[in-house]
Amino acid sequence: MFCTVHYTIRSHKIPKEFDGFCIVHLSDLHGALYGEHNRLLVQAIRKAKPDVVVMTGDMADNSWQSAALLLELSRRLCSDYMVCYVVGNHEQCMGEAALAKLEGKLKALGATVLENSWCTISRGGAFVKMYGLVTPMVYYKDRLREYKKGIVFSAKDTRAALGPADPGCFNILLAHNPLYYPSYRQWGADLAFSGHIHGGVIRIPKFGGLLSPDMTLFPKYDGGCFKEEGKHLVVSRGLGNHFLVRIMNPPELVVATLRPTDFAGNC
């Protein structure tokens, strides 16, 4: 089973109309199944009563079987909620034709596929912006694939992909890989959602996650809610598994609630 974790995001940039706005965050499902047709997962999502459901990649592996499970889950969610989706490295490994087919089917179901693009979410006359960043594979630091040592995805690269962040509103960014969060923050993301790290796979008390997918020990953004310079990053420990075995690191569903404030509050 998975656990459900809750975070409260406080910022003076959140409009008062978005007080209590609920975001359910799914990441790194990797074809996992929780009950028939993911019944248990859907029940947990419905219990949270989200205003929007966001998916931050690796919801499918590079196989059509896992993609079919993603589509079935999306069909059930899109009938009740706004669903925003951005790809991870595993969807990119499907190949251009298969990925285009998957994204086309998600759009047909009603999902908002954010591919270096953004959408506006309105509530009570106010709005926030939701951006989706697709990080090229070369930046995933996978030593077994396309990888250049020392390469960094910068704030300038983020701007080149997404355009400038809107300084006049609360900007939410979906980006699968949290490694480059300082760049996202510098670009203008007030709140970012990521996954990819799987909670560090093996969690050691007082030390956190042990290992990232690129075999880095004790990755900084392994899972949880981080606050830097008044801005926030939420990293899901993921719902599925792809490498090694989770130890003291249960899969998780993330629920984040927005709260406006006159000061930069904590997670």
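Quick note: structure is the one above.
Residues numbered from 1 in each chain as written. Predicted model: local features only at pLDDT ≥ 70, side-chain atom pairs only at ≥ 80, totals over all residues. Heavy atoms only, no water.

Thoughts on the environment of L114
(1) Moving on: With respect to the secondary-structure elements, L114 resides in the loop between β5 (112-113) and β6 (117-123).
(2) Moving on: What makes L114 buried here is its relative accessible area of 3%.
(3) Moving on: C-alpha separation for the pair L114 and V87, spaced 27 residues apart in sequence, amounts to 8.4 Å.
(4) Moving on: If near-sequence neighbours (up to four positions away) are discounted, L114 is found in contact with C84, Y85, V86, C119, M130, Y131, G132, V134 and L174. (Helix = DSSP H or I, 4+ residues; strand = E, 2+ residues; numbered from the N terminus. Buried < 20%, exposed > 50% of the residue type's maximum accessible area, 1.4 Å probe, protein only. Contact = heavy atoms within 4.5 Å.)

Quick word on the side chain of R76
(1) Moving on: As for its placement among the helices and strands, R76 is situated in helix α2 (residues 64-78).
(2) Moving on: It is E72 that comes nearest to the buried, bridge-free R76 among opposite-charge side chains, at 4.8 Å.
(3) Moving on: If sequence neighbours within four positions are ignored, R76 has contacts with E36, H37, N38, R39, V42 and R46. (Lys, Arg positive; Asp, Glu negative; His and termini not counted. Salt bridge = Lys/Arg side-chain N within 4 Å of Asp/Glu carboxyl O.)

Overview of the sheet that holds strand β3 (residues 52-55)
Whenever strands of a sheet pair, they do so through backbone hydrogen bonds, lying parallel or antiparallel.
(1) Moving on: Reading across the sheet, the 6 strands line up as β1-β14-β2-β3-β4-β5 and stay open at both edges, with mixed pairing between neighbours. What marks the edges here is a single partner per strand, and that holds for β1 (3-11) and β5.
(2) Moving on: Contacts from helix α1 (residues 39-48) reach β1, β2 (22-26), β3 and β14 (252-260), with the element oriented near 160° to β2.
(3) Moving on: Against the sheet, α2 engages β2, β3 and β4 (82-85), with an angle of about 165° to β3. (Pairing = 2+ DSSP bridges. Axes fitted to C-alpha atoms, helices over the stretch in contact; angles between N-to-C directions.)

Thoughts on the packing of α2 against helix α4 (residues 96-109)
The packing of two helices is summarised by the inter-axis angle and the distance between the axes.
(1) Moving on: Closest axis-to-axis distance for the α2/α4 pair is 9 Å, and the angle between their directions is 15°. Classified by the angle their axes make, α2 and α4 are roughly parallel. For the pair α2 and α4, the crossing hand works out as right-handed. Contacts between α2 and α4 involve W64, A67, L70, L71, S74, R75 and C78 from the first element and A98, K101, L102, K105, L106 and L109 from the second.
(2) Moving on: Of the residues contributing to the contact of α2 with α4, the split by class is 9 nonpolar, 1 polar and 3 charged. (Parallel < 35°, antiparallel > 145°, perpendicular 65-115°, else oblique. Left-handed = near helix turned anticlockwise from the far one by under 90°. Nonpolar A, V, L, I, M, F, W, Y, C, P; charged D, E, K, R; others polar.)

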